[in-house]
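Working through the structure, step by step
Read off the chains here:
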Amino acid sequence: MSHRDVQFAHQDTDASWSCDGKYVLFLRDIGEGKSRLLQIHRLEVSTGFIKQVTEVENFITEIHVSPYTHHVAYKIDGGD
């Protein structure tokens, strides 16, 4: 799987590169119905390995990857 595949097929926001260019972070839909969540996943560019990074109980609506460090910030929607 490539960065392009991730960006156009598996998430609701644009994929973001890590500061060193080795990983792509993106939001992926998991679950269905009331258990449906968007969680942050990481794609390792060299191998194509995808790993889920977050396991929060809320719907993540937005991510921001630091261009200079290995940090990611995210915004959640707590519902009603």
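1. Side note on the overall build of the protein chain
Along the protein chain, the regular secondary structure elements total 1 helix and 6 strands. Of all 80 residues assigned to the protein chain, the portion counted as buried reaches 26%. Once local pairs closer than 6 in sequence are excluded, the contacts in the protein chain between residues at least 24 apart make up 23%.

2. Digging into the pairing of strand 3 (residues 37–44)
Of all 8 residues in strand 3, 6 are buried, a share of seventy percent or more. In this sheet, strand 3 lies alongside strand 2 (residues 23–30) in antiparallel orientation, the contact comprising 8 bridges. By the bridge assignment, Leu 27 is partnered in strand 3 with Ile 40. In this structure, strand 3 lies alongside strand 4 (residues 50–52), joined through 3 bridges in antiparallel fashion. Within the sheet, the bridge partner assigned to Arg 42 lies in strand 4 and is Lys 51. Between the end of strand 3 and the start of strand 4, which pair antiparallel, lie 5 residues, with Gly 48 showing a positive phi angle near 80°.

3. Brief notes about the side chain of Gln 39
On the secondary structure map, Gln 39 appears in strand 3. For Gln 39, a relative accessible area of 1% gives the class buried. A polar side-chain atom of Gln 39 sits 2.8 Å from a polar atom in the side chain of Thr 54. Sequence-distant contacts of Gln 39, defined by excluding residues within four places in its chain, comprise Phe 26, Leu 27, Arg 28, Ile 30, Gln 52, Thr 54, Glu 55, Val 56, Asn 58 and Ile 60.

Calculation rules
- Residues numbered from 1 in each chain as written.
- Predicted model: local features only at pLDDT ≥ 70, side-chain atom pairs only at ≥ 80, totals over all residues.
- Heavy atoms only, no water.
- Helix = DSSP H or I, 4+ residues; strand = E, 2+ residues; numbered from the N terminus.
- Buried < 20%, exposed > 50% of the residue type's maximum accessible area, 1.4 Å probe, protein only.
- Contact = heavy atoms within 4.5 Å.
- Pairing = 2+ DSSP bridges.
- Polar contact = N/O pair within 3.5 Å; in protein donor to acceptor, adjacent residues only side chain to side chain.

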